[in-house]
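Chain by chain, the residues:
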Amino acid sequence: GQIFTTGIDQVMPAALAGKLGEVLPTLAQTICKATNTTACNIFQNNGRPAGQLVDHLHFHIVPRTPGDGVIKLGSQNPYPAGRMEKVAEMIRAAR
């Protein structure tokens, strides 16, 4: 059978995950160079509630500059103590 990566990305064969790991950083660097930026966000929306509007796998590469306000990431309200561990348990149980 196929070898799968470990963790949340269990539905992707390891070879494909490795290729994505090679291609996305190179593509992001090229986009940053083309847009004269030094940073970017790479993300993928999965499902309508998450903002997915096109029904196929794709990644967004968004060039960033300090203070651009395009995307604000990071939680202003950290998880309560023990919540991350509980979510990890839920993910392990769902496999």
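Residues numbered from 1 in each chain as written. Predicted model: local features only at pLDDT ≥ 70, side-chain atom pairs only at ≥ 80, totals over all residues. Heavy atoms only, no water.

So, on to the pattern of salt bridges. Under the counting rule described, the total for this entry stands at three salt bridges. Lysine 19 is paired through a salt bridge with glutamate 22; the nearest N and O atoms lie 4.0 Å apart. In this pair, lysine 19 and glutamate 22 both sit in helix α1 (residues 14–34), three residues apart, roughly one turn of the helix. Aspartate 68 serves as the salt-bridge partner of arginine 64, at 2.8 Å between the closest nitrogen and oxygen. (Salt bridge = Lys/Arg side-chain N within 4 Å of Asp/Glu carboxyl O. Helix = DSSP H or I, 4+ residues; strand = E, 2+ residues; numbered from the N terminus.)

A word on the state of the cysteines. Counted under the stated rule, the structure contains zero disulfides. Free cysteine cysteine 32: the closest other cysteine sulfur is in cysteine 40, separated by 4.1 Å. (Disulfide = S-S within 2.5 Å.)

Backbone geometry at asparagine 36 places phi at a positive 55°, although glycine is not the residue there. Assignment of secondary structure puts asparagine 36 in the loop between α1 and β1 (39–43). Take asparagine 36: its relative accessible area is 72%, and that puts it in the exposed class. (Buried < 20%, exposed > 50% of the residue type's maximum accessible area, 1.4 Å probe, protein only.)

Okay, the confidence of the model for the protein chain next. When the pLDDT values of the protein chain are averaged, the result is 80; 82% of them are 70 or greater. Least confident of the elements in the protein chain is α1, whose mean pLDDT is 86; most confident is β1, at 90. Low pLDDT (under 50) marks residues 1–10, which in the prediction has 14 contacts with non-local residues, meaning those over four places away or in another chain. (pLDDT = per-residue confidence, 0-100. Contact = heavy atoms within 4.5 Å.)

This part covers the side chain of arginine 64. Relative to the helices and strands, arginine 64 is located in strand β2 (residues 60–64). Arginine 64 sits in the buried class, given a relative accessible area of 17%. Setting aside anything within four residues of it in sequence, one finds arginine 64 in contact with Thr37, Thr38, Ala39, Cys40, Asn41, Val70 and Ile71.

One can find glutamine 52 in the loop between β1 and β2. You can call glutamine 52 buried: its relative accessible area is 9%. For glutamine 52, the contacting residues outside a window of four places in its chain are Asn45, Asn46 and Gly47.

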